[in-house]
Amino acid sequence: MENSTFKTKSIAIIMKTIFKTLLILGIFCLCSCTKNRKNVAISSPNDTLLVNFLLTDEGKPSYIILKGVSVVIDSSSLGFELKNAPSLLDNFKIVNVDTKSVDETWNMPWGEQETVRNQYNELKVELQEKDSLERKLNIVFKVYNDGIGFRYEFPEQEHLKEVFITDEHTQFQLTDDHTTWWIPGDWDIYEHLYTTSKVSEIDALSKANHGSLAQTYIPENAVNTPVTMRAEGGLHISIHEAALLDYSGMTLKVDTENISFQSELVGSERNDYKVKRTTPFTTPWRTIQIAEKATELIDSKLIVNLNEPSKIDDISWFTPMKYTGIWWEMHLGKSSWDKAAGKHGATTENAKAFIDFSAKNNIKGVLVEGWNTGWEHWIGFEDREGVFDFITPYDDYDLQEVVRYAKEKGVEIIMHHETSAAIGTYDRQMDKAYKLMQDLGIHSVKSGYVGKIIPKGEYHHGQWMVNHYNNAVFKAIEYEVAVNAHEPIKATGLRRTYPNIISREGLRGQEFNAWAADGGNPPEHLPIVAFTRMLAGPIDYTPGIFNIKLSPYKENNQVNTTIAQQLALYVVIYSPIQMAADLIENYEGNPALQFIKDVGVDWKQTKVLNGEVGDFVTIAREERQTGNWFLGSITDENARNLEVSLDFLLPNTTYTATIYKDAKDAHWDDNPTAIDIETMDVTSETKLTLQLAAGGGTAISFLKK
Ligand code: NOJ
Ligand code: CA
């Protein structure tokens, strides 16, 4: 073992020297040398990462990635198999090579930070088949200091017009059997618990339906992305994709013997191909984030940077917000979505109670689920087409009056569209439904896709549904509507281009704690999510449950964190919309509510202070409008003390810190609601020791004096 590590390292040193030389040659003789070139390299702006593109003697394209002297991704093949056409896997020559460097900044209209630096070196390799059809395929690499993105470009050409991709063969050859945090490569849902294992031990098929899912399909031993790994020496690697447009979602098939991943696109039972496109087109970016420390994965803006700049000129109609809603009560069984079930939640009266509560507590939004007809025919029905109506309220819900009352109180109603995955029905009503929202002055919708997709044979993550999700977002722009989809396609940074994509689910959310038969989300869930799912983009996790044991509604379920951790989640789990998810009666009179009142939702900057995947993480964020800071720290099932320095605060400024921390004897299971709240003056010189209970957390507001 040691010997082979040594060997890999020496090879790496030699290769690095060769690549550097090639890189220099590459810059000086691009045109003249292109003819017989088989090898091109490009490094990151700070020179720490290096990508080498190679063609084998058979003309097979491949790439290698190095960080310093270590190989991070070893020789990995690239290419496609097509329907009714020879594959695009070999017989290529390089016809042209282009490089460029970009260093720019752009502003997030809302986000984890105000400005983002987009700095990379780009290498574009233009390939052509040596003979026969002489088809062309380009591969573009963007090399950042914190990782790599690459994608395929299919140029317009005579012998490749309609392209039916049956398989994309993008390989990620790992150099060791890394520790991996993964969920199965489900074509229908991401709502799985993470498993921590070696790559060689990944066994996605053992995760087939865990009993709480209305749809799931795991065809083979593959994982979904982002998948995050830690190498023996501490290097962190996370593979995902960016700018998923008119293409299938990518899962990664696992080769447990050779310790590698290969792209496996989500398919459809209706077609014998996975992607259909017409040239010219580009694929999504395949992304590899590479970081010395776990915390740097969260710092990285690689995924959004790989997306195009915003196409929405004015998004000022959406502002980040906290919201409450008629929601948790249905998951607890206190009320129902369905009016016929006899305890309808979405009544005018109940909505007004939430509006009053929000208005009183500095919370801008109220979500109302179960307001429209169709719920009596929701889960478990095969014939779901034509059932849900996105215009017609139940007769005990006066939509106009609720919206009027909300406006009077300075509150916004959030619309809800549960499609039950009956896509035709939703598509047919979408214009009317968004128009209704526009007429009412409602600017955001939570959509849902519970159930197997109709038309039968499609999966949530295939090209057909990717297009549906994206078209819903594009159409929403016309009506000034922002979208928060549940049971969505994964986030791939499209929020940069379409900032009306505000948040989404796409993980096991809080709701599982209310009803999952497997005991809900264990304490390690969110300390894993922060370094996996959260790298993709904002999460509508719906934190803030104070009645941890869910009594009297769900005696056999509970939230598996302390109440202090529920507060910390407002800072740790990023989303421009954050729900205060619990019932009004569980908030009233509880001093911990003050943190939810105070906490920001839109950030000028973010500092990840510490963290290890699956163990703990501490994040501090500065609110855009006020310059106030908020800190959230969470731990897994292990209690721990974490030292933090407050050097992120403005110098020479005193802040009132209110610390919401686990009481001495707090514990996620034995004593989850024991919280101590303490106030003190602090400055940037102050150092704190955060004492987190098992499954616990700390939340702190730093308000400028
Ligand atoms: C599943 C969503 O995740 C949940 O938030 C919602 O309440 C139900 N679907 C009903 O639409
Ligand atoms: Ca869900």
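So, how was this worked out
Residues numbered from 1 in each chain as written. Chains lettered and ligands numbered in written order. Predicted model: local features only at pLDDT ≥ 70, side-chain atom pairs only at ≥ 80, totals over all residues. Heavy atoms only, no water. Helix = DSSP H or I, 4+ residues; strand = E, 2+ residues; numbered from the N terminus. Expected span 1.5 Å × (residues − 1). Bend = angle between axes of the 7 residues up to and from the residue. Buried < 20%, exposed > 50% of the residue type's maximum accessible area, 1.4 Å probe, protein only. Contact = heavy atoms within 4.5 Å. Near = heavy atom within 4 Å. Polar contact = N/O pair within 3.5 Å; in protein donor to acceptor, adjacent residues only side chain to side chain. Areas by Shrake-Rupley, 256 points an atom, 1.4 Å probe, with all protein chains shown as cover. Nonpolar A, V, L, I, M, F, W, Y, C, P; charged D, E, K, R; others polar. Phe/Tyr/Trp six-rings, centres within 6.5 Å; stacked < 30°, edge-to-face > 60°. Domains from an automatic or database assignment. Buried area = accessible area lost by both parts, 1.4 Å probe. Salt bridge = Lys/Arg side-chain N within 4 Å of Asp/Glu carboxyl O.

*Asks:* What's the story with helix α8 (residues 423-440) in this structure? I'm lost.
*Replies:* Given 3.6 residues per helical turn, the α-helix brings residues three or four places apart onto the same face. Over its 18 residues, α8 extends 24 Å from the first C-alpha to the last, a length consistent with the 26 Å expected when each residue adds 1.5 Å. Of all the bends in α8, the greatest measures close to 55 degrees and is centred on M430. Taken as a whole, α8 has its buried residues at I423, G424, T425, Y426, Q429, M430, A433, Y434, L436, M437 and L440. At its buried positions, α8 is contacted by α7 (399-408), β24 (412-418), β25 (444-448) and α9 (463-478). Of the residues one or two after α8, G441 is the one with positive phi, at around 75 degrees.

*Asks:* What's the story with the site of ligand 1 in this structure? I'm lost.
*Replies:* Around ligand 1 there are 14 residues in total, and E369, E418, K446, H486 and E511 lie nearest to it. With respect to ligand 1, the side chain of H416 contributes an N or O atom lying 3.4 Å from an oxygen atom. A total of 300 Å² of accessible area belongs to ligand 1 in isolation, and the protein chains cover 97% of it. Looking at side-chain class alone, the shell around ligand 1 contains 5 nonpolar, 3 polar and 6 charged residues.

*Asks:* What am I meant to see in the packing of aromatic side chains here?
*Replies:* The description of two aromatic rings rests on the distance between their centres and on the angle between their planes. All chains considered together, the criterion is met by 33 aromatic pairs. Centroid distance Y63 to F141: 6.3 Å. Interplanar angle 50 degrees. Geometry classified as tilted. Here Y63 is found in strand β3 (residues 61-67), whereas its partner F141 is found in strand β8 (residues 136-144), with 78 residues between them in sequence. On the basis of relative accessible area, Y63 is assigned to the buried category, the value being 0%. Look at W629 and F648: their rings are 4.8 Å apart centre to centre, the planes differ by 45 degrees, and that puts the pair in the tilted class.

*Asks:* Would you explain the domain arrangement of the chain in this entry?
*Replies:* A common way to state how big an interface is: give the accessible area lost once the parts meet. One can read the domain layout of the chain as domain 1 (2-305), domain 2 (309-506) and domain 3 (522-534 + 560-571 + 581-705). The gap between the C-alpha centroids of domain 1 and domain 3 is 36 Å. Taken over both partners, the interface formed by domain 1 and domain 3 buries close to 1,800 Å², and the fraction arising from carbon and sulfur atoms is 58%. Area buried by domain 1 at its contact with domain 3 is led by E114, Y194 and I298, which between them contribute 33% of it. Counting the contacts that link domain 1 with domain 3 gives 3 salt bridges.

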